[in-house]
Amino acid sequence: MEDSIAISRELPQLYVSSSRRSFAEDTPLLEKSSEVSEDSSATGATYRMVKPLVYGIVATSAMGSFLWGYNLSVMAGALLLINYHFHTSALWQGIIVSVMLGGAVLGAATAGMLNDKLGRWKVMMLSAILFVASAIVMAVSPSVKCLVVGRAVGGIGVGLFTVTGSIYVAELAPDHLRGKLVFFSYVLTGGGVLASAVVAGVFSIDPDFAHKYGWRCILGFAIIPAAIMFIGLWFIPETPRWLVFHNKVDKARKVLQRVRHSCEVEDELAKIIEARDSSTQGNSLNIFQFVKRIVKDKAVLYALFVGCSLHILRSLGGAVIVLNYSATIFNKAGFSQKQSIWLAIVPAFANFAAKFVGSLLLGRMGRRNLYFVSSLGATLFLLLLGASFYINNRDSPAAV
């Protein structure tokens, strides 16, 4: 499911980057401490020290990454209990699961323009509010339709965060930590997926409680990280890059003084101002002009086509859908409802482990080779899953 929103996630980021050149282009991702300031007598270790506010920024953004994974996969364990409570049809089950994705596409498609107009902080706050509202609506839903509305609201929050969270961290994180923080956020998304499966298992221990309140507790659990994210945002600032591009240089300087060492502030501020001054042509582009510019550039258009095609084909392959319907699949295979919900932890943990290992292997294997190996593995296991169901149905007493 994460791959299926990648298209809508990348296009707004391209739009933002056309009018706001990525901060990573202005400074190297991994910068040696000794090169930060040649004239400074301070040791390299001094510049490696991070101010406490940066940890607050990382923790707040981490809650968003966690909620991204939690909301997208929470139905893996909750769906069986929801079906028992509402007696939903197969159509409504599909709507409940997929409406989150539709909201994510809408949120991601509008996030680029909202980031330019409102700023990264306000969009992050909006996503946190939507996360809280979604969890409350789903937890108290009196009907399937109300549950669908709550899922859609949460999906919009997911879409907004997928675009804004990475921009926000990239523009506030120190150069030497930026790559690690991106890795941390990516892995924590898998942590949210795993947490949703564990929470579902815990609230399904008592069958009577699970059927009456379990699914509400599973969906409402998201209120906790969403509230932490909401509260944390009040203590962290807007990014200096957005402030400079909106002619608020003094405020940007104050922000940099809170997240950087005093020797780094003016140098980094000067780089941001230089980036703003050199991007006047990009600032005049609206979304339609930007798309037209992409279409005319054959190299960019080809790369965009290949990237989008890979994401679409990978989503249509159904590997991620297996993750979202994991408990239902185990239940169809003959396990009890309680056993199925607990067994859903297995694919969730595999997803988390694969994200962690894949991130470590990315630099060694390369993106193309890693994508090929993961696609081959998904194909083989999907064939194995289909074959096992075919054999089970063929040999069952009903088939005979």
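For the structure, check the block above.
This is a predicted model, so every value here is computed, not measured.

**Q** Hey, could you run me through the overall build of the chain in this one?
**A** Looking only at helices and strands, one finds 22 helices and 0 strands in the chain. For the chain, with 400 residues in total, the buried portion stands at 44%. Long-range pairs, those at least 24 residues apart, make up 83% of the contacts in the chain with a sequence separation of at least 6. Approximately 19,900 Å² of the chain is accessible, and the part contributed by carbon and sulfur atoms is 68%.

**Q** Please explain the nonpolar core as it appears in this structure.
**A** The biggest cluster of nonpolar side chains holds 67 residues, and the ones touching the most others in it are Met75, Ile82 and Leu219. For this core, the element with the highest residue contribution is helix α4 (residues 52-73), accounting for 9 residues. In this structure, Met75 is in contact with Ile82, Ile96, Val97, Leu147, Arg151, Leu219 and Asn324, ignoring residues within four places of it in sequence. By size, the runner-up hydrophobic cluster in this structure holds 7 residues, among which are Ala108, Ala111, Val163 and Ile167.

**Q** Explanation requested: the packing of aromatic side chains in the structure shown.
**A** In this description, an aromatic ring pair is defined by two values, namely the gap between the centres and the angle between the planes. Enumeration over the complete set of coordinates arrives at 8 aromatic pairs. Measuring from centroid to centroid gives 6.1 Å for Phe230 and Trp234, while their planes differ by 80 degrees, and the two rings are edge-to-face. The exposure class assigned to Trp234 is exposed, which follows from its relative accessible area of 56%. Judged by centre distance (6.0 Å) and plane angle (80 degrees), the ring pair of Phe330 and Phe335 falls under edge-to-face. Judged by relative accessible area, Phe330 falls into the partly exposed class, the value being 23%. In this structure Phe335 comes out as partly exposed when scored by relative accessible area, which is 37%. Aromatic ring contacts, followed pair by pair, group Phe66, Tyr70 and Phe221 into a single cluster.

**Q** Could you clarify how one ought to interpret the packing of helix α7 (residues 120-139) against helix α8 (residues 144-172) in this entry?
**A** For any two helices packed against each other, the geometry comes down to the angle between their axes and how far apart the axes lie. At a minimum axis separation of 8 Å, α7 and α8 run at an interaxial angle of 155 degrees. Taken together, α7 and α8 sit at an angle that is classed as roughly antiparallel. Considering only the axes of α7 and α8, their crossing is left-handed. Taken together, the residues that form the contact of α7 with α8 break down as 17 nonpolar, 7 polar and 3 charged.

**Q** It is not clear to me how helix α10 (residues 207-220) should be interpreted in this structure. Could you clarify?
**A** Residues three or four positions apart in an α-helix share a direction because the helix packs 3.6 residues into each turn. For α10, built from 14 residues, the straight-helix expectation of 20 Å at 1.5 Å per residue is met to within 8% by its first-to-last C-alpha distance of 18 Å. Remark: the principal bend of α10, roughly 65 degrees, maps to Tyr213. Taken as a whole, α10 has its buried residues at Ala210, His211, Gly214, Trp215, Arg216, Ile218, Leu219 and Gly220.

**Q** Just to check I follow, could you spell out the pattern of salt bridges for this structure?
**A** Opposite charge on two side chains allows them to pair when their charged atoms are near. Applying the stated criterion to the full structure yields 5 salt bridges. In this structure, Glu171 and Arg120 form a salt bridge, with 2.9 Å as the shortest nitrogen-oxygen distance. Of this pair, Glu171 sits in helix α8 while Arg120 is found in helix α7, placing the two residues 51 residues apart along the sequence. Among the residues examined, Arg120 registers a relative accessible area of 0% and is labelled buried. The partner of Asp250 in a salt bridge is Arg253, and the shortest N-O contact between them spans 3.4 Å.

**Q** So what exactly am I meant to see when it comes to unusual backbone geometry here?
**A** Leave glycine aside and you will find that most residues have negative phi; peptide bonds, for their part, are mostly trans. The phi torsion at His87 lies on the positive side, around 55 degrees, for a residue other than glycine. When you line up the elements, His87 lands in the loop between α5 (75-86) and α6 (90-118). Positioned with a positive phi, Asn247 is a non-glycine residue whose angle comes to about 60 degrees.

Thresholds applied
Residues numbered from 1 in each chain as written. Predicted model: local features only at pLDDT ≥ 70, side-chain atom pairs only at ≥ 80, totals over all residues. Heavy atoms only, no water. Helix = DSSP H or I, 4+ residues; strand = E, 2+ residues; numbered from the N terminus. Buried < 20%, exposed > 50% of the residue type's maximum accessible area, 1.4 Å probe, protein only. Contact = heavy atoms within 4.5 Å. Areas by Shrake-Rupley, 256 points an atom, 1.4 Å probe, with all protein chains shown as cover. Core = buried A, V, L, I, M, F, W, Y, C linked by side-chain atoms within 4.5 Å. Phe/Tyr/Trp six-rings, centres within 6.5 Å; stacked < 30°, edge-to-face > 60°. Axes fitted to C-alpha atoms, helices over the stretch in contact; angles between N-to-C directions. Parallel < 35°, antiparallel > 145°, perpendicular 65-115°, else oblique. Left-handed = near helix turned anticlockwise from the far one by under 90°. Nonpolar A, V, L, I, M, F, W, Y, C, P; charged D, E, K, R; others polar. Expected span 1.5 Å × (residues − 1). Bend = angle between axes of the 7 residues up to and from the residue. Salt bridge = Lys/Arg side-chain N within 4 Å of Asp/Glu carboxyl O.

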